[in-house]
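So you can see what is in the structure, the chains are spelled out below.
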Amino acid sequence: MRIGIPAETLAGEKRVATVPEVVEKLIKLGFTVAVESGAGDAANCSDEAYRAAGAEIIVGAAQIWAESDIVFKVTVPSSAEVEMMRTGITLIGFIWPAQNPELMQQLAAKKATVLAIDALPRQLSRAQKMDALTSQAGVAGYRAVIEAANAFGRFFNGQITAAGKVPPAKVFIAGAGVAGLAAIGTAAGLGAIVRANDTRAEVADQVKSLGGEFVKVEYEEEGGGGGGYAKVMSEGFLQAQREMYAKQAREVDIIITTALIPGRPAPMLITAEMVKSMKPGSVIVDMAGERGGNCELTEAGKAVVKYGVTIVGYTDLNSRLAKQSSTLYGTNLFRLTEELCKTKDGIINVNMEDDAIRGLTVIKEGEITWPAPPLKMAAPKPAVAAKPAPAPHGHGSGGAPASAGKTAAIFSAAALLFLLIGAFAPPAFLGHFTVFVLACFVGYMVVWNVTPALHTPLMSVTNAISSIIAIGALVQVAPPLLVGLDRPDEWIRWLAVAGIALTAVNMFGGFAVTRRMLSMFRK
């Protein structure tokens, strides 16, 4: 099958649906690729680069739309492009079916199969590699900070120079989704003091991990919505949020707003009064300008100055990093193509039994299939019944606790044995034997009752015990060794020598194993 890459016709759009590096991968899947001449010029992808990667360069979009089996596109196709496409084509790109019902009807009339990359069920973990919304939002969040730095009149990082001290810029980011987190990481990397807020409390740790401070709204309400988006909050929460934003506006130098729910107008976060309260020279970057903006004074597509504050409402942040955006977007579409062409024979299969593909497919061979049915989430695992507590170890049969009678009998027998040994053994032996019995008992109680998870740290304890054994053995071999073994104390000395050797092996082996374990945790 043939994949066509037309040039984008939307005014100001510089991205292209794939790049030469991805073209090579598509060809390895068995496809042929045709690119409209000049489609990648604005993204620094020349016709020569596409040709070197194996693509065919075609002049004019009409031939691309008329002769391609599959078309990759970035922006929503125009009516003129729909007219040029051949019947039965497969279209992959941003469609936004809820916002473009007329376009959906036009595409259905062409008997097209349409996969809307914006309709990907993002809650599926395996869909992350195809998630173009995330990749493009990350680029936009980075670019928003760059635009803020360009409009700001000072350093982001604090500096101490011979000419004086420069305090670090204070940046507040409203919304800690993908774009917000990218902005937090970028601003913190430039040395600014970064604060952020989001209605979803679970992102607080992510904000802190990127070097930001999470600013909490003093109102208890969970803001998590479906598909990774925030939900619309109650009026009580919104009032508390406005009070927090007003306080931040008076304190910070830069505000970056990212709050937007697809298909709905952007929520109003920064009022004109808040803008007035900001310090002269401050900057607001409104990433929701295309949907009305999060700031009351935002003008979509423009950077304006109101009350001494620069308000940036650009709607083409991704196009301002066209090469990076195109590379990530092209990779997302390639991963999707891999799912559609698992046989690697250049023929796609739109499998409606696959949850990810079903969610993407808004039109199948002229039949509108949007919206997709709810995902069939895996049933929760049944609760595992708590295991009964193990019976304490005793001396009775089967591990059952020994009765008082049995315990008394065992101790009586041990005492009698000890008495007999003491009656006939030398006095020195009795003292050594007592120490031996006590050492066995203490060692058993110390080692046997250690939790299995602590067996490795226990090696330090065994090394300490080995050291005691080594010292005791050295004491025994301190007198000069005799060649003959006819005296009882010579047996003790030679056993002490063997004990020193074995203990040395145990000690050095323990240290070696511990060293290897610790090295596993070092970077």
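Residues numbered from 1 in each chain as written. Predicted model: local features only at pLDDT ≥ 70, side-chain atom pairs only at ≥ 80, totals over all residues. Heavy atoms only, no water.

As for the nonpolar core
Argument step 1. Judged by nonpolar contacts, the single largest core of 44 residues is most densely connected at Phe72 and Leu336.
Argument step 2. Looking at this core, the elements that each hand over two or more residues are β1 (2–5), α1 (20–28), β2 (32–36), α2 (47–53), β4 (70–72), α6 (132–151), α11 (322–340) and α12 (355–360).
Argument step 3. For this core, the leading source of residues is α11, giving six residues.
Argument step 4. Beyond its immediate stretch of four places on either side in the chain, leucine 336 contacts Ile92, Leu115, Ile117, Met130, Ile357 and Leu360.
Argument step 5. Counting 31 residues, the second-largest nonpolar core is a separate cluster that includes Ala179, Leu181, Val285 and Tyr314. (Core = buried A, V, L, I, M, F, W, Y, C linked by side-chain atoms within 4.5 Å. Buried < 20%, exposed > 50% of the residue type's maximum accessible area, 1.4 Å probe, protein only. Helix = DSSP H or I, 4+ residues; strand = E, 2+ residues; numbered from the N terminus. Contact = heavy atoms within 4.5 Å.)

A short note on the confidence of the model for the protein
Argument step 1. Looking at the protein, pLDDT values average 86 and 81% of them are 70 or higher.
Argument step 2. In the predicted structure, residues 392–402 sits below a pLDDT of 50 and forms 14 contacts with residues beyond four places in sequence or in another chain.
Argument step 3. Long-range and interchain partners of residues 481–486, a stretch whose pLDDT sits below 50, account for ten contacts in this model, where long-range means more than four residues apart. (pLDDT = per-residue confidence, 0-100.)

What to know about a nonpolar patch on the surface
Argument step 1. Together, Leu416, Leu419, Leu420 and Phe424 make up a nonpolar patch on the protein surface, roughly 480 Å² of accessible area in all.
Argument step 2. Under the relative-accessibility criterion, phenylalanine 424 is labelled exposed at 73%. (Patch = residues over 30% accessible without salt bridge, like charges linked within 9 Å, V, L, I, M, F, W, Y side chains within 5 Å. Areas by Shrake-Rupley, 256 points an atom, 1.4 Å probe, with all protein chains shown as cover. Salt bridge = Lys/Arg side-chain N within 4 Å of Asp/Glu carboxyl O.)

Points about the packing of α6 against helix α7 (residues 178–189)
Packed helices, taken two at a time, are described by the angle between their axes plus the distance between the axes.
Argument step 1. One can describe the packing of α6 onto α7 by two numbers: an axis separation of 7 Å at closest approach and a directional angle of 40 degrees. Taken together, the axis directions place α6 and α7 in an arrangement best described as oblique. Judged by the sense of rotation from one axis to the other, the crossing of α6 with α7 is right-handed. Counted together, Thr134, Ala137, Gly138, Gly141, Tyr142 and Val145 of α6 and Val178, Ala179, Ala182, Ala183, Thr186 and Ala187 of α7 form the full contact between these two elements.
Argument step 2. Here the contact of α6 with α7 is composed, by residue class, of eight nonpolar, four polar and no charged. (Axes fitted to C-alpha atoms, helices over the stretch in contact; angles between N-to-C directions. Parallel < 35°, antiparallel > 145°, perpendicular 65-115°, else oblique. Left-handed = near helix turned anticlockwise from the far one by under 90°. Nonpolar A, V, L, I, M, F, W, Y, C, P; charged D, E, K, R; others polar.)

Side note on the sheet that holds β2
Argument step 1. In spatial order, the strands read β3-β2-β1-β4-β5-β6-β16-β17; together these eight strands make up an open sheet with mixed pairing. Edge positions in the sheet fall to β3 (56–58) and β17 (367–368), since each of these pairs with one other strand and no more.
Argument step 2. With two bridges connecting them, β1 and β4 associate as parallel partners. Bridge pairing in β4 links isoleucine 3 to isoleucine 70.
Argument step 3. Relative to strand β5 (residues 90–93), α11 is tilted by about 140 degrees, and along the sheet it contacts β4, β5 and β6 (113–116). (Pairing = 2+ DSSP bridges.)

Notes on the environment of tryptophan 370
Argument step 1. Tracing the sequence through the fold places tryptophan 370 in the loop between β17 and α13 (404–424).
Argument step 2. Judged by relative accessible area, which is 35%, tryptophan 370 ranks as partly exposed.
Argument step 3. A C-alpha to C-alpha distance of 9.3 Å links tryptophan 370 and arginine 358, two positions twelve residues apart in sequence.
Argument step 4. When neighbours within four sequence positions are excluded, tryptophan 370 is seen to be in contact with Pro97, Ala98, Met104 and Val362.

Re α6
Argument step 1. Between the first and last C-alpha of α6 there are 28 Å, a value that for 20 residues agrees with the 28 Å anticipated at 1.5 Å per step.
Argument step 2. Judged by how many residues are buried, α6 sits mostly within the fold: 14 of 20 residues are covered.
Argument step 3. Between a side-chain oxygen at the N-terminus of α6 and the backbone nitrogen of leucine 133 the separation is 3.3 Å; the capping residue is aspartate 131. (Expected span 1.5 Å × (residues − 1). Polar contact = N/O pair within 3.5 Å; in protein donor to acceptor, adjacent residues only side chain to side chain.)

Some thoughts on helix α5 (residues 101–109)
Argument step 1. Within α5, burial applies to Leu103, Met104, Leu107 and Ala108. The buried side chains of α5 occupy one side of the element, clustering within an arc of 135 degrees when seen end-on. Relative to its buried face, α5 has exposed residues pointing more than 90 degrees away, namely Glu102, Gln105 and Ala109.
Argument step 2. Among the residues trailing α5, lysine 111 stands out with phi positive, at a value near 55 degrees. (Arc of directions from axis to C-beta.)

Some thoughts on the packing of aromatic side chains
Argument step 1. Taken as a whole, this structure holds five aromatic pairs when the rule is applied.
Argument step 2. Seen from their ring centres, phenylalanine 152 and phenylalanine 156 are 6.3 Å apart, and the 85 degrees between their planes marks the pair as edge-to-face. Just as phenylalanine 152 is buried, phenylalanine 156 falls in that class too.
Argument step 3. When the centroid spacing of 5.5 Å and the interplanar angle of 70 degrees are considered together, the rings of phenylalanine 172 and tyrosine 245 count as edge-to-face. Remark: tyrosine 245 occurs in helix α9 (residues 235–251) and phenylalanine 172 occurs in strand β9 (residues 170–174); sequence separation between them is 73 residues.
Argument step 4. Here tyrosine 245 falls in the buried class, since its relative accessible area comes to 2%. (Phe/Tyr/Trp six-rings, centres within 6.5 Å; stacked < 30°, edge-to-face > 60°.)

Some points on the sheet that holds strand β12 (residues 254–257)
Across a sheet, paired strands are connected by hydrogen bonds in the backbone, their directions being either parallel or antiparallel.
Argument step 1. Strand order in the open sheet formed by seven strands is β11-β10-β9-β12-β13-β15-β14, with mixed pairing between adjacent strands. One side of each edge strand has no neighbouring strand; the edge strands of this open sheet are β11 (213–214) and β14 (303–306).
Argument step 2. Sheet topology places β12 next to strand β13 (residues 283–286); four bridges connect them, and they run parallel. From the neighbouring strand, isoleucine 256 faces β13, where its bridge partner is valine 285.
Argument step 3. Against the sheet, α6 contacts β12, β13 and β15 (309–312), and its axis sits at roughly 155 degrees relative to β13.

Regarding the pairing of β12
Argument step 1. What you see with β12 is no split at all: Ile254 and Ile256 on one side and Ile255 and Thr257 on the other are buried throughout.
Argument step 2. In terms of strand pairing, β9 meets β12 through four bridges, oriented parallel. Across the sheet, the residue bridging to valine 171 is isoleucine 254, located in β12.
Argument step 3. Remark: the β12/helix α10 (residues 272–277)/β13 crossover connection has right-handed handedness. (Right-handed = clockwise from strand over helix to strand, strands pointing away.)

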